[in-house]
There are 2 protein chains.
Amino acid sequence: MSKILEEVLNANAHYAADFGDKAALALPPARHFAILTCMDARLDPAKYAGLAEGDAHVIRNAGGRASDDAIRSLVISYKLLGTREWFVIHHTDCGMELFTNEIMSDLLASSLRTATVDETGWHDCGTGPGCSDGKYINWLTIKSQEQSVLEDVARIRNHTLVPRDIPVYGYIYDVRSGRLLEVPAATEAGRAA
Amino acid sequence: MSKILEEVLNANAHYAADFGDKAALALPPARHFAILTCMDARLDPAKYAGLAEGDAHVIRNAGGRASDDAIRSLVISYKLLGTREWFVIHHTDCGMELFTNEIMSDLLASSLRTATVDETGWHDCGTGPGCSDGKYINWLTIKSQEQSVLEDVARIRNHTLVPRDIPVYGYIYDVRSGRLLEVPAATEAGRAA
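Residues numbered from 1 in each chain as written. Chains lettered and ligands numbered in written order. Predicted model: local features only at pLDDT ≥ 70, side-chain atom pairs only at ≥ 80, totals over all residues. Heavy atoms only, no water.

**Student:** With reference to specific residues and values, describe the interface of chain B and chain A.
**Tutor:** With 95 residues of chain B at the interface, the matching set in chain A holds 96 residues. Roughly 8000 Å² is buried in total at the junction of chain B and chain A, and carbon and sulfur atoms are behind 62% of that figure. Taken together, the links from chain B to chain A amount to four salt bridges. Of the charged contacts in the structure, one is a salt bridge between B:Lys47 and A:Glu53, with a shortest N-O distance of 3.3 Å. If you look at where chain B meets chain A, you find 38 residue pairs in polar contact (both at pLDDT 80 or more). Its residues placed into classes, the side of chain B that touches chain A shows 51 nonpolar, 19 polar and 25 charged. (Contact = heavy atoms within 4.5 Å. Buried area = accessible area lost by both parts, 1.4 Å probe. Salt bridge = Lys/Arg side-chain N within 4 Å of Asp/Glu carboxyl O. Polar contact = N/O pair within 3.5 Å; in protein donor to acceptor, adjacent residues only side chain to side chain. Nonpolar A, V, L, I, M, F, W, Y, C, P; charged D, E, K, R; others polar.)

Set out below in structure tokens:
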């Protein structure tokens, strides 16, 4: 067993030993909201936004982007489990600002097989034009956090499957201070219509 | 300002007021691993797996599924930010077990416009066959947690862009006890090759 696996299982045993009344928590989020944020290791949404177990849905991916999969999750969150307010929270010093699709393509081409994407998902790339470097993959990199928050809030707001009455708030988490900084243009774009 | 927004910002102010040495954390995860788990409100991966800020990437979506977007995040996690072990952690009493693509399609058709998916993402559905109920969307529902963990670990293991030397561990989090329960067949399928 790896050191990491052992540490995780030991920490989990401690957590479960003092589980208390959390066993009785209901499935739907008690506070009826959801947060979409980055997978970054420095971010702990439960701590930075004050969530107890049972309070809110937390969706995380590289960048905290409003990918199709994040929107799949948000639609399920509201339609089946009753969330009524959503946050999009990107952050300063994000890894997604450090590269581009071209850089990622080069990195992968140097060490791995390549892939492409069509409507059924990811595939080994064939021999067609452009198939040598995985360049069809959109890694959802970020040039400006304010812009990416605005774009993602707008994408959610305008999505076919998102109801008009859910406000979407746009924020940036500052990894140097722990503070949430509003992106006013995003919150405005995400206002319930 | 909504009550939820006010509560989140107040909690954040408290968190930031005692931020301490977290301001100095580095971008790459200090413990070099990543967890893919469900957005469920009852799950707090930092608590159930013993993560401090800075330790590990956490990727979350509805079900904790190995979607294309989750794999995008995992590939970035390893290739740019150095994670070397991955966990797939689904959980008991998951909302994704409560419905099917057909049920979701019916629910959405009754209240919203419909959509379909092609290689460029989600779209308003046109007038073609099958376009009346959003049935082209795969919601990644779950019939059996053991099966979904096994499938997702195998999908990651066999993915074109995932290197052979990263072990992928398969677990189910029990929402009644807080314990992580291994899915041995999944961990076996996710073994580094």
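**Student:** Before we move on, can you summarise the packing of aromatic side chains with the specific residues and values?
**Tutor:** A full pass over the atoms with the stated rule returns ten aromatic pairs over all chains. Ring pairs connect the aromatic residues A:Phe33, A:Phe87, A:Tyr169 and A:Tyr171, which therefore count as one cluster. (Phe/Tyr/Trp six-rings, centres within 6.5 Å; stacked < 30°, edge-to-face > 60°.)

**Student:** Would you mind going over the relation of the copies chain B and chain A in detail, with residue names and values included?
**Tutor:** In screw terms, the move from chain B to chain A is a rotation of 180 degrees and a rise of 0.0 Å along the axis, fitting with an RMSD of 0.0 Å. Both chain copies can therefore be described as sitting about a two-fold axis. Comparing contact sets, 100% of the residues at the interface of chain B also lie at the interface in chain A, consistent with an isologous, same-surface contact. (Least-squares fit on C-alpha atoms with pLDDT ≥ 70 in both.)

**Student:** Report on the UniProt feature "binding site: Zn(2+)" (unreviewed entry) in chain A, specifying residues and quantitative values.
**Tutor:** Residues and elements named next belong to chain A. Mapped onto the present numbering, the UniProt feature "binding site: Zn(2+)" (unreviewed entry) falls on Cys38, Asp40, His91 and Cys94. Their sequence span is 57 residues, while the largest C-alpha to C-alpha distance among them is just 8.8 Å; these annotated residues converge on one region. Tracing the sequence through the fold places cysteine 38 in strand β1 (residues 33-38). The class for cysteine 38 is buried, based on a relative accessible area of 4%. Position of cysteine 94 relative to the elements: it lies in the loop between β3 (85-91) and α4 (101-109). (UniProt positions renumbered as here; feature names shortened; annotations may be inferred. Helix = DSSP H or I, 4+ residues; strand = E, 2+ residues; numbered from the N terminus. Buried < 20%, exposed > 50% of the residue type's maximum accessible area, 1.4 Å probe, protein only.)

**Student:** Which residues make up α4(A), and what values do they have?
**Tutor:** Residues and elements named next belong to chain A. Among the residues of α4, those classed as buried are Met104, Ser105 and Leu108. Taken around the axis of α4, the buried residues stretch over an arc of 100 degrees, which confines them to a single face. Projecting away from the buried face of α4 at angles above 90 degrees are the exposed residues Glu102 and Asp106. (Arc of directions from axis to C-beta.)

**Student:** Before we move on, can you summarise the environment of A:Ala16 with the specific residues and values?
**Tutor:** Checked against the element boundaries, A:Ala16 lands in helix α1 (residues 3-17). For A:Ala16, a relative accessible area of 18% corresponds to the buried category. If near-sequence neighbours (up to four positions away) are discounted, A:Ala16 is found in contact with B:Ser177, B:Gly178 and B:Arg179.

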